[in-house]
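Analysis of the macromolecular model
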There are 2 protein chains.
Amino acid sequence: MLDEIIKLSHGSGGNMTRRLIRDVMNNRFQMPSMSDSAVIGGRMVSTIDAHVVKPIFFPGGDIGRLSVTGTVNDLAVAGAIPLSIFIAYIIEEGFPMRELERITESVHQAAQEAGVKILGGDTKVVEHGKADGLYLVTSGIGMLHDGYAPGDRSISEGDSVIVSGNLGDHAIAVINARENLGLQPAPESDCAPLNHLIGIMLETADIRFMRDPTRGGLTTVLNEIADEFQVGFHLFERDIPIRDSVRSASELLGIDPLYLANEGRVVAIVRGDTKTLIDRMRKHPLGTDAQVIGTVTNDAGRVYLETAIGSVRQLPMLESDPLPRIC
Amino acid sequence: MLDEIIKLSHGSGGNMTRRLIRDVMNNRFQMPSMSDSAVIGGRMVSTIDAHVVKPIFFPGGDIGRLSVTGTVNDLAVAGAIPLSIFIAYIIEEGFPMRELERITESVHQAAQEAGVKILGGDTKVVEHGKADGLYLVTSGIGMLHDGYAPGDRSISEGDSVIVSGNLGDHAIAVINARENLGLQPAPESDCAPLNHLIGIMLETADIRFMRDPTRGGLTTVLNEIADEFQVGFHLFERDIPIRDSVRSASELLGIDPLYLANEGRVVAIVRGDTKTLIDRMRKHPLGTDAQVIGTVTNDAGRVYLETAIGSVRQLPMLESDPLPRIC
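Structural notes, computed from the coordinates. (Residues numbered from 1 in each chain as written. Chains lettered and ligands numbered in written order. Predicted model: local features only at pLDDT ≥ 70, side-chain atom pairs only at ≥ 80, totals over all residues. Heavy atoms only, no water.)

1. A closer look at the interface of chain B and chain A
Frequently, the measure chosen for interface size is the accessible area removed from exposure when the parts meet. Convention followed: Here, two residues are considered to be in contact whenever any of their heavy atoms come within 4.5 Å of each other. Basic side-chain nitrogens of Lys or Arg form a salt bridge, by our definition, when they fall within 4 Å of a carboxyl oxygen of Asp or Glu. Whenever a nitrogen or oxygen atom comes within 3.5 Å of another N or O atom, the pair is scored as a polar contact, on the condition that within protein one atom can donate a hydrogen and the other can accept it, and that pairs from neighbouring residues in sequence are kept only if both atoms are in side chains. Numbering of helices and strands starts at the N terminus; helices are DSSP runs of H or I of at least 4 residues and strands are runs of E of at least 2. Three classes are used: nonpolar for Ala, Val, Leu, Ile, Met, Phe, Trp, Tyr, Cys and Pro, charged for Asp, Glu, Lys and Arg, and polar for all others, with Gly counted as polar.
Counting residues at the interface gives 69 residues for chain B and 69 residues for chain A. At the surface where chain B touches chain A, the tally comes to ten salt bridges. One salt bridge in this structure joins Glu 127 of chain B and Arg 325 of chain A, with 2.5 Å as the shortest N-O distance. Seen at the junction of chain B and chain A, the total is 22 residue pairs in polar contact (both at pLDDT 80 or more). Mapped by element, the contributors of at least two residues to the side of chain B that touches chain A are helix 1 (14-29), strand 1 (37-41), strand 2 (44-51), strand 5 (80-92), helix 3 (97-114), strand 6 (117-126) and strand 7 (134-144) of chain B. The class makeup of the residues in the side of chain B that touches chain A is 37 nonpolar, 14 polar and 18 charged.

2. Structural notes on the side chain of Thr 220 of chain A
Residues and elements named next belong to chain A. Note the threshold: Burial classification: accessible surface area is computed with a 1.4 Å probe over protein chains only, and a residue below 20% of its type maximum counts as buried, one above 50% as exposed, and the rest as partly exposed.
Within the secondary structure, Thr 220 sits in helix 6 (residues 217-229). When its relative accessible area of 4% is taken as the criterion, Thr 220 is described as buried. Of note is the side chain of Thr 220, whose polar atom sits 2.7 Å from the backbone oxygen of Gly 216. Residue contacts for Thr 220: discarding those within four places in its chain leaves Gly 14, Arg 215, Tyr 259 and Met 317.

3. Re the side chain of Glu 92 of chain A
Locating Glu 92 of chain A in the fold gives a position in strand 5 (residues 80-92). Here His 128 of chain A takes part through its side chain, which lies 3.4 Å from a polar atom of the side chain of Glu 92 of chain A. Of note is the side chain of Glu 92 of chain A, whose polar atom sits 2.8 Å from the backbone nitrogen of Gly 133 of chain A. Not counting residues within four places of it along the chain, the set of residues in contact with Glu 92 of chain A comprises Val 126, Glu 127, His 128, Gly 129, Lys 130, Ala 131, Asp 132 and Gly 133 of chain A together with Ile 6 of chain B.

Function-wise, these values are silent; they only describe arrangement.
Shown next, in the form of structure tokens:
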């Protein structure tokens, strides 16, 4: 049963977002999966992402950098080499031209960092009070890595779960900036294009599946994978990399950091040896804190966390992420 | 010299939009042209379009149909067969679920009409007062028709200018709905996917260039072509198809219908015989009012209109389209 009106929580990840997309969009369009990206023909992959982050500038990035990295990362976790980006601006009347230029410069810089070309765009302006400064929507096109066949992936008991770095940095950076929490030093977003790091990962190991843990964080991504592949996960809390500052900010906010959004991290399911993979990832600037954090089980649809003191608790999907407009 | 803030007129087509896109975006991104679409590799073409039309429902369509047809038409006028669409929703909190379903159904119907697949999407929700109901952004991917090489086109003196049907229907339908002008019968938008009609055109004649006359209408498109190809145009007012109802509504509003937006019309520059082309176009439901409306001249950068009484006046670019949020 659908709600009668759209709520903020419909857009923040979690079960409400999933149900909305499934019932209203995917069922009509007969879209194959929950994934953002899709193969468009041959070995080309495409994706689209809307960005409504608030505030539009935050330590470690801005809506321009976020838009490019978000789209680059969607393509990269689909096993594709990102090639080109198209970008649409929806701008509120009265928006400062200098900020528009600064954000557009960020778009350009992030595209250069990722090695993608901006090939086209669109610009619309709406009246004052009909947007919140600026929204950006980016589409991206990429080409699958040789030998990577997304339809042919399977995940089995005993495969390892790895993350490329500390979790929750992006969400805490944005919330600190938005709510003037005054955390010192101001936490920085992890917002970064992961395509080069993921290229190394694909060369090095038998990567079975990848996702970027954005809205809803690690837990949401693993629950979605658990559902789609009918597997379970057993995670070890002591191995999950989280900064002390993020951990204490999460406690302050009453939010579990395992549900916090990231914009420069990848979760991967890996078969076989992980030592060489982790070693190589740690040599890359975006992978210095890479860790094996758990293992795939047969307990279909369930994600468990073994805590530092040895107790085990389930990590369910949330109905909605408590932090809206984080990306 | 750029303005200090974004104005509504920056988004409505015309010179202000052109300068904004050129100075802020294209110069940074080193984008090749003003065109919405671009070749992304091999014979694949892509495009992105943001849709902020107000109201979201209007006679002849809604924002969902508009989004799909706008993107399909951008690909089709680039000489491509549209294949797939990705769609991003930015929804205002409180938006009725039934309207979301109705619009999503329109997206689906228009995609079926055009023969394209919706392959992916994204959904974001913003607080009440931070959007105007719903904005949709669509990206599209298509494949160039065999033998159509967009980089290889030239336009010369003596080529013909044709339009596929009556001009201004979309703009007047939207304005009538938005401003409660009470025109009777309520004018309907021409909003329709042109890919099948354009396929016939490409089979039949030597089409040198095509554009869909959206924001800024016929005049803006021809001025842009005149600039880009360093040619001129001489149009015959008596041959330009405009409904009487649109003509009188335009007079009422004090707007020249040659600047009104269309969402189901194509302007083409054609070399050689046009009789067979026009005959075949008129047999297609979207081409029944197709007309040759003028000819290409050597008067670089200038668009002239010969009126019904034989006088000639220049049709300049406007600084901005007087009707914002028409698409």
